[in-house]
There are 2 protein chains.
Amino acid sequence: MKKIINNPENVVDEMLNGLVKGYPNKVKRLENTNVIARYDKKESKVGIISGGGSGHEPAHAGYVGYGMLDCAVCGEVFTSPTPDQILEAIKEANSGKGVFMVVKNYTGDVLNFDMAKELAEAEDIDVDYIIVNDDVAVEDSEFTSGRRGIAGTVFFHKVLGAMAEEGKSLEEIKKEAEKLVKSIRSMGMAIKPCVQPQVGKESFHLEENEMEIGIGIHGEAGIRKEEIKPANEITKELADTILEEFDNLDEVCVMVNGMGQTPLMELYIVNNFLNDYLKDKNIKIYKSYVGNYMTSIDMAGYSITIFKVEDQEKKYLDAKADTVFLKEI
Amino acid sequence: MKKIINNPENVVDEMLNGLVKGYPNKVKRLENTNVIARYDKKESKVGIISGGGSGHEPAHAGYVGYGMLDCAVCGEVFTSPTPDQILEAIKEANSGKGVFMVVKNYTGDVLNFDMAKELAEAEDIDVDYIIVNDDVAVEDSEFTSGRRGIAGTVFFHKVLGAMAEEGKSLEEIKKEAEKLVKSIRSMGMAIKPCVQPQVGKESFHLEENEMEIGIGIHGEAGIRKEEIKPANEITKELADTILEEFDNLDEVCVMVNGMGQTPLMELYIVNNFLNDYLKDKNIKIYKSYVGNYMTSIDMAGYSITIFKVEDQEKKYLDAKADTVFLKEI
């Protein structure tokens, strides 16, 4: 294992401190927790929180700030945060209007966020949540019952965060979240697996000429291995699989998301094909997001997300945000 | 070679098209060139351009936009753009107040940008430039006479771009650029070399336990190989080498720059140490930049940049920018 770290046991702690020291005017770490919170807590709005295992940077702590998340709860690498940590985030994000949680569909996350909801309700805090399951590659997998939540989650942060900033209620946010679940679909691939710092070896094996289609973001293998193809052919397969999920598509946002080790050059090459491919099908592209939005440590690969948008979503995607990683102006 | 591409010969062309298709409201590609220009050309200001070989994404095309560059000239991978391409960028960026060029110190770039200056002057366009040589690792190298220009270049784009937006003259911008040359120092390391698409093999070799100190951004080897150490020890060495270059440091900006394949997790771990280390020396940190700002395709490693700032630099660093990759609000 070759990594630029100190001690594999301390990566999350040092990473969170390095983030907060780098951006002290934007984020803070709640004492004795792995919760990253907005430095300027805004009162009188629904709190929006997310979280999950670490290793997906910039998700989710990079999306804490004005117009997106109030808190991110950071578990150990690929490990769900505990209910007591999530409860701390709920308390911090609460300003009397309730807290909404964006939860990726992994068994551990779903259990722990749900338990935290119960703990918070016992303290008279209104809490609701959505389970994000945008990955069309698999129905069930190593860590999940049902479809997994992957990079499309970032669109939930942006749209719901902007709604909360505008003063929308917990009920209105939940209703939009349920719409987003039906509007956002993703699928990914890898040419190199990731290595968890505490494990020290590859999470699956690929030969020099092989790629893996349908990977998740926790080092789990995908649906099949095959010989690596040109970028356009791979992108066509991912896009076709996603497009089958939608009845009709008028206008979309697309995300080409790097898995951590993929050069921007390759992501733009993917976007070059994807953009033309959708336009050839008379699908309008409202906005593109090309970069590392939700990674899997040092996996090499990418995912595509297609997000069916209407006026409401476009408005909130364009709303001002000011986080460490994502800004819209 | 494992890459998500179509044809190694077309990577730059497809990448530039993928960028412009993704962000059509921000950037455009000048016809029959590899020049990326602002979509909304602003009149009546000094034009700011930069460029060089491709493979350093998001540099430089990701910094084209309001408050930074007017044009980026993109050569083939690790290959200087030709004078006629640079001339096209100069013409596009010119609105009668002259054009200032930010040139990294590589022999090919220096020759070609200087030749483009002469061609532009023959067409009555005022042109001046600065040679960025922030890398303290080596005095001369494979591609350069004198010190190389690396990630610190991005600070030139930000400060000089903001000055131009504010209406400063070519002379004022040149004067500040000369101050920046003395204020910005960088040094990098790698645990894995990069692979150029058209070459197909590693640019140097490292054993499983080795790292390379003092690497450049064109796949050239560094100053020495040694056994990989903990992140804090490596960071201390890089920081100490840089700090020796400054007489006294009151306040700085720091950049922890990933080389393309380095997870954000590792960059934050580096920043965690670097931040404490500078504070222990009573150096104030005005602002931190942690991410992939100037890469070397898929090299794994990082560089540190220390930028001595005074009020003028702080003001321009905080000024509004709106580019594909960097925004300040």
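Everything here concerns the structure above.
Residues numbered from 1 in each chain as written. Chains lettered and ligands numbered in written order. Predicted model: local features only at pLDDT ≥ 70, side-chain atom pairs only at ≥ 80, totals over all residues. Heavy atoms only, no water.

Undergrad: Honestly, the sheet that holds strand E13 (residues 300–308) of chain A in this entry has me stumped. Any pointers?
TA: Note: strands within a sheet are paired through backbone hydrogen bonds, in either parallel or antiparallel orientation. All names here are of chain A. With mixed pairing, six strands are arranged side by side in an open sheet as E10-E9-E8-E13-E11-E12. A strand with exactly one partner marks an edge of an open sheet, and here the two such strands are strand E10 (224–227) and strand E12 (284–291). On average, each strand axis in the sheet is inclined to that of its neighbour by 20 degrees, with strand direction left out of account. Where strand E11 (residues 251–258) and E13 come together, seven bridges link them in antiparallel fashion. (Pairing = 2+ DSSP bridges. Helix = DSSP H or I, 4+ residues; strand = E, 2+ residues; numbered from the N terminus. Axes fitted to C-alpha atoms, helices over the stretch in contact; angles between N-to-C directions.)

Undergrad: Would you mind going over the pairing of strand E9 (residues 210–213) of chain B with me for this structure?
TA: Residues and elements named next belong to chain B. Side chains Glu-210 and Glu-212 of E9 all project onto a buried face; the interleaved residues Met-211 and Ile-213 project onto the opposite face, where all are buried too. Inspection of the sheet shows strand E8 (residues 184–192) paired to E9 by two bridges, in the antiparallel sense. Directly across from Ala-190, in E9, lies its bridge partner Glu-212. (Buried < 20%, exposed > 50% of the residue type's maximum accessible area, 1.4 Å probe, protein only.)

Undergrad: I tried to follow the interface of chain B and chain A on my own but got confused; where do I start?
TA: For interface size, the figure often reported is the accessible area lost on association. Taken residue by residue, the interface counts 60 residues in chain B and 60 residues in chain A. Of the roughly 5000 Å² buried between chain B and chain A on both sides combined, carbon and sulfur atoms contribute 60%. The three residues of chain B that bury the most area against chain A are B:Lys2, B:Ile4 and B:Met265, which together make up 19% of that side's buried surface. For the pair chain B and chain A, the interface holds two salt bridges. Among the salt bridges present, the one from A:Asp276 reaches B:Lys21, with a minimum N-O distance of 2.8 Å. When residues of the side of chain B that touches chain A are traced back to their parent elements, those giving at least two are helix H1 (11–22), E8, helix H6 (231–243), helix H7 (264–280), strand E12 (284–291), strand E13 (300–308) and strand E14 (321–323) of chain B. Here the element with the most residues in the side of chain B that touches chain A is H7(B); it accounts for 10 residues. (Contact = heavy atoms within 4.5 Å. Buried area = accessible area lost by both parts, 1.4 Å probe. Salt bridge = Lys/Arg side-chain N within 4 Å of Asp/Glu carboxyl O.)

Undergrad: Is there a simple way to think about the environment of A:Leu317 in this case?
TA: Residues and elements named next belong to chain A. Tracing the sequence through the fold places Leu-317 in helix H8 (residues 311–318). The exposure class of Leu-317 is buried, given its relative accessible area of 0%. Here the alpha-carbon distance between Leu-317 and Glu-266, two residues 51 residues apart in the chain, equals 25 Å. In contact with Leu-317, not counting residues within four places along its chain, are Phe-155, Lys-158, Val-159, Cys-253, Lys-287, Tyr-289, Phe-307, Val-309 and Glu-328.

Undergrad: Please clarify how the relation of the copies chain B and chain A should be interpreted in this entry.
TA: Put simply, the two copies of the chain differ by a rotation about an axis and a shift along that axis. Overlaying chain B with chain A gives an RMSD of 0.0 Å, the required rotation being 180 degrees about an axis along which the chain moves by 0.0 Å. Taken together, the rotation angle and the small translation identify this as a two-fold axis. Closest to the rotation axis within chain B is the C-alpha of B:Gln261, separated from it by 2.0 Å. Of the residues that chain B buries at the interface, 100% are likewise interface residues in chain A, meaning the two copies contact each other through the same surface. (Least-squares fit on C-alpha atoms with pLDDT ≥ 70 in both.)

Undergrad: Mind showing me how you'd approach the pairing of strand E7 (residues 127–132) of chain B here?
TA: Sheet faces and side chains relate simply in a regular strand, where the side chains alternate between the two faces. All names here are of chain B. Alignment of strand E6 (residues 99–104) against E7, held across six bridges, turns out to be parallel. Opposite Val-99, over in E7, you have Val-127 as the bridge partner. After leaving E6, the chain enters helix H3 (residues 107–122) and then returns to the sheet as E7, a path that is right-handed. (Right-handed = clockwise from strand over helix to strand, strands pointing away.)

Undergrad: I'm lost on the packing of aromatic side chains in this one. Help?
TA: Geometrically, a pair of aromatic rings is defined through the distance of the ring centres and the angle of the planes. Residues and elements named next belong to chain A. Under the counting rule described, the total for this entry stands at 12 aromatic pairs over all chains. With centroids separated by 6.0 Å and ring planes inclined at 90 degrees, the aromatic side chains of Tyr-63 and Phe-325 adopt a geometry described as edge-to-face. Highlighted residues: Tyr-63 in the loop between strand E3 (47–54) and strand E4 (65–66) and Phe-325 in the loop between strand E14 (321–323) and strand E15 (327–328), separated in sequence by 262 residues. Overall, Tyr-63 belongs to the buried group, its relative accessible area being 0%. Arranged with centres 5.3 Å apart and planes meeting at 20 degrees, the rings of Phe-273 and Tyr-277 form a pair that is stacked. A residue pair is termed a helical-turn pair when its members lie 3 or 4 positions apart in one helix, as Phe-273 and Tyr-277 do in helix H7 (residues 264–280) at four residues. The pair formed by Phe-273 and Tyr-277 is uniform in burial state, with each residue classed as buried. An aromatic cluster of three or more residues is present, and its members are Tyr-63, Phe-155, Tyr-289, Tyr-293, Phe-307 and Phe-325. (Phe/Tyr/Trp six-rings, centres within 6.5 Å; stacked < 30°, edge-to-face > 60°.)

Undergrad: What exactly am I supposed to notice about the packing of helix H2 (residues 83–93) of chain B against H3(B) here?
TA: Packed helices, taken two at a time, are described by the angle between their axes plus the distance between the axes. Residues and elements named next belong to chain B. One can describe the packing of H2 onto H3 by two numbers: an axis separation of 8 Å at closest approach and a directional angle of 55 degrees. Classified by the angle between their axes, H2 and H3 sit oblique to one another. The interaxial crossing formed by H2 with H3 has right-handed handedness. When H2 is examined against H3, the residues Pro-83, Ile-86, Leu-87 and Ile-90 are found in contact with a partner set consisting of Asn-112, Phe-113, Met-115, Ala-116, Lys-117, Leu-119 and Ala-120. (Parallel < 35°, antiparallel > 145°, perpendicular 65-115°, else oblique. Left-handed = near helix turned anticlockwise from the far one by under 90°.)

Undergrad: I keep staring at the environment of A:Lys104 and nothing clicks. Help me out?
TA: Residues and elements named next belong to chain A. Mapped onto the elements, Lys-104 comes out in strand E6 (residues 99–104). Note on Lys-104: relative accessible area 1%, which makes it buried. Residues Lys-104 and Asn-133, 29 residues apart in the sequence, show an inter-C-alpha distance of 6.6 Å. Not counting residues up to four positions away in its chain, the partners in contact with Lys-104 are Gly-51, Gly-52, His-60, Asp-109, Val-110, Val-132, Gly-149, Ile-150, Thr-153, Ile-217 and Met-294. A distance of 2.8 Å separates polar atoms of two side chains, one belonging to Lys-104 and the other to His-60. (Polar contact = N/O pair within 3.5 Å; in protein donor to acceptor, adjacent residues only side chain to side chain.)

Undergrad: Honestly, helix H4 (residues 153–166) of chain B in this entry has me stumped. Any pointers?
TA: For an α-helix, 3.6 residues make a turn, and residues three or four places apart therefore share a direction. Residue and element names in this part refer to chain B. An ideal rise of 1.5 Å per residue puts 20 Å on 14 residues; H4 measures up with 20 Å between its terminal C-alpha atoms. Counting buried positions along H4 yields 13 of 14 residues, so the element is predominantly enclosed. Gly-167, located one to two residues past H4, shows a positive phi value of around 100 degrees. (Expected span 1.5 Å × (residues − 1).)

Undergrad: Would you explain the side chain of A:Glu14 in this entry?
TA: Position of A:Glu14 relative to the elements: it lies in helix H1 (residues 11–22). A:Glu14 has contacts with A:Asn6, B:Tyr268, B:Ile269 and B:Asn272, leaving out every residue within four places of it along the chain.

Undergrad: So what exactly am I meant to see when it comes to the sheet that holds strand E3 (residues 47–54) of chain B here?
TA: Residue and element names in this part refer to chain B. With respect to topology, six strands assemble into an open sheet ordered E1-E2-E5-E3-E6-E7, the strand pairing being mixed. Sheet topology places strand E1 (27–29) and E7 at the edges, where each strand pairs with a single neighbour. Sheet twist, expressed as the average angle between the axes of neighbouring strands with direction ignored, equals 25 degrees. Contacting E3, E6 and E7, helix H5 (residues 170–183) runs over the sheet at an angle of about 10 degrees to E7.

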